[in-house]
Amino acid sequence: MSARFTNVPHLEVVVLTLCTARHPVAVMKTFAYSLPCPTCQPHLSTAAPSGDTDAVAMCTCPPAIRKNLELEQSVKVDVVANHGTTWIRLRAASARAVEREFLDDPNYSESESDSDWNESDDDDDGTGLNGNGRGTPDLYTLEPASIRTLRQFVTAAAANPIHGSAPSVVMHFTGLDELDARVDRLIRSTGVLTHVSLVQHASVAAQFAAILTALDTLPRHLNAGSHPLIVPPLTSTVNLDGSTLIALASQLSHTHTMPESVSAQPIFAAQLESERATHLLVPLTSLLARHRLVATRQALAHFQTIMKSVAGPTERIRVLLLLPELFEPGDFNHLHDGTDFPIDTNAEQSAIDQGKQWRAAIADGESPAAAAARLLLPRHRTILGPLQRLRSIESIDGDDISPVYAELERLTTEGPGRAKHINGRRPGKFKWSHATVLGTAHMLGCVTITANLAMVRSVQELGIACAAWVHQPRSLTEQKSMLAAALISNGQGGR
């Protein structure tokens, strides 16, 4: 019996799909989602689970209660493709087996099943519900188990959005000439797409061999540093966090190096190693150049404070060209005088004037690169480097945040109203500055570009939708490099 009911054919189809799918990112990946809490979210628990992560009412019940209510669920996706925007659930079965599974055909007996094409042996049928539908409303318990499973996949997809949109769920049948029209209509009624491919068991090995041959012909020089950045389609407008603005201004991003005395510090050593392995600026600006760029007033104010305190002269010129209204010439908050840290107010005023002309030309419709070539001085174009391709960064109001992020900030603020648990997990301290960045983008329906991975994870771990694209961090390093050089020249480098 074990020889007949084998998962090998299914796994072969999974691997073949993995090799032929566009931009696959995961295989056999589990995605978690939560059912509505009947205590905290009664208005949601009375309907079918929808994966509505925008619901303002968050569950503050202790984990033990949520466990007893079986609110924590999961699904296992065979192949995640298209940078995460497509979930593929595979079914390797005969036409008769598919009809029995989805239509409960009384004329079909188990002995007639093409058992060699059985699906994976997950005890929970790929869901967190052990195949019995517990936790779903009575309305859906009369449906075939496979349809209930697909509805759970749709719910899980809504709870795990990619850049603000739920991934598409595709039911991929292999080994069929065509899919029964009744099955197709039934599956599509759940919001799941269908796809059929004629993959015969005997030809799988031959197709593997063809794929491996094609892989062997790829150029050996291609690597992460030389290959163009490939990311999921982002929203037309992207929201820049302060950490991204710092990475754009950083001298490390532009020169890929720093003095040994500075790189000896662990945080800078890690960033230098990352930059030498894969340069950040070119792929990051290639991504940003295709979108409208916005930043909240709060993010810009925080960035301004950091620039005044730790930015070097070249980093400041770079930012004055990008954001000419952000500073006044010589506007510093640090304690170094003009001898230790040279301040050229004329150079800064020139950068502000040129930056305003450049931004005005872009606002009139001229491409950023063409306007830079026509208006900017050669030294300014050198300082900007790849940033010449960027559009103007627009300042937007960050006070109008989405209700779900306003509620999250309220529940995590120190005081009597602070929740011990949110959606079954202990929350970290969610700052108002985080709420304005992510909450404003959530309200606008756009993606946040950030290097603050901790901020994004703190939200995602609470089961709250967070549309963000995270890149490697880069610090402002020029001033530290200059001070280190000054100490060495004054004979203090050994301290």
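Residues numbered from 1 in each chain as written. Predicted model: local features only at pLDDT ≥ 70, side-chain atom pairs only at ≥ 80, totals over all residues. Heavy atoms only, no water.

Draft legend 1. Fine view of unusual backbone geometry. Even without a glycine there, the phi angle at Asn82 is positive, about 50°. For Asn82, the location among the structural elements is in the loop between β2 (72-81) and β3 (86-92). On the basis of relative accessible area, Asn82 is assigned to the partly exposed category, the value being 26%. Phi is positive for His256, close to 65°, though the residue is something other than glycine. Within the secondary structure, His256 is located in the loop between α9 (251-255) and α10 (260-263). (Helix = DSSP H or I, 4+ residues; strand = E, 2+ residues; numbered from the N terminus. Buried < 20%, exposed > 50% of the residue type's maximum accessible area, 1.4 Å probe, protein only.)

Draft legend 2. View of the nonpolar core. Formed by 46 residues in total, the largest nonpolar core has its most connected members in Leu240, Leu288, Phe303, Val319, Leu323, Trp358 and Ile449. In contact with Ile449, not counting residues within four places along its chain, are Leu234, Val238, Asn239, Leu240, Asp241, Thr244, Leu284, Leu287, Leu288, Trp469 and His471. In terms of nonpolar packing, the next biggest core, distinct from the first, is built from 31 residues, Cys59, Leu176, Ile187 and Val192 among them. (Core = buried A, V, L, I, M, F, W, Y, C linked by side-chain atoms within 4.5 Å. Contact = heavy atoms within 4.5 Å.)

Draft legend 3. Here's a closer look at the sheet that holds strand β6 (residues 237-240). The strand order β8-β7-β6-β9-β10 describes an open sheet built from five strands, whose pairing is parallel. Only two strands of the sheet have a single neighbouring strand rather than two, namely β8 (393-396) and β10 (468-470). If you compare each strand with its neighbour and ignore which way they point, the axes differ by 35° on average. By the bridge criterion, three bridges tie β6 to strand β9 (residues 447-450) in an arrangement that is parallel. (Pairing = 2+ DSSP bridges. Axes fitted to C-alpha atoms, helices over the stretch in contact; angles between N-to-C directions.)

Draft legend 4. Spotlight on the pairing of β6. Here β6 shows no split at all, with Thr237 and Asn239 on one side and Val238 and Leu240 on the other all buried. Where β6 lies against strand β7 (residues 292-296), three bridges are found, and the strand directions are parallel. Within β7, the position partnered with Thr237 by the bridge is Arg292.

Draft legend 5. View of the pairing of β9. Here β9 shows two buried faces, one formed by Val447 and Ile449 and the other by Thr448 and Thr450. Inspection of the sheet shows β9 paired to β10 by three bridges, in the parallel sense. Its bridge partner being in β10, Thr450 is matched across the sheet by Val470. In terms of handedness, the path from β9 via helix α20 (residues 453-460) over to β10 forms a crossover that is right-handed. (Right-handed = clockwise from strand over helix to strand, strands pointing away.)

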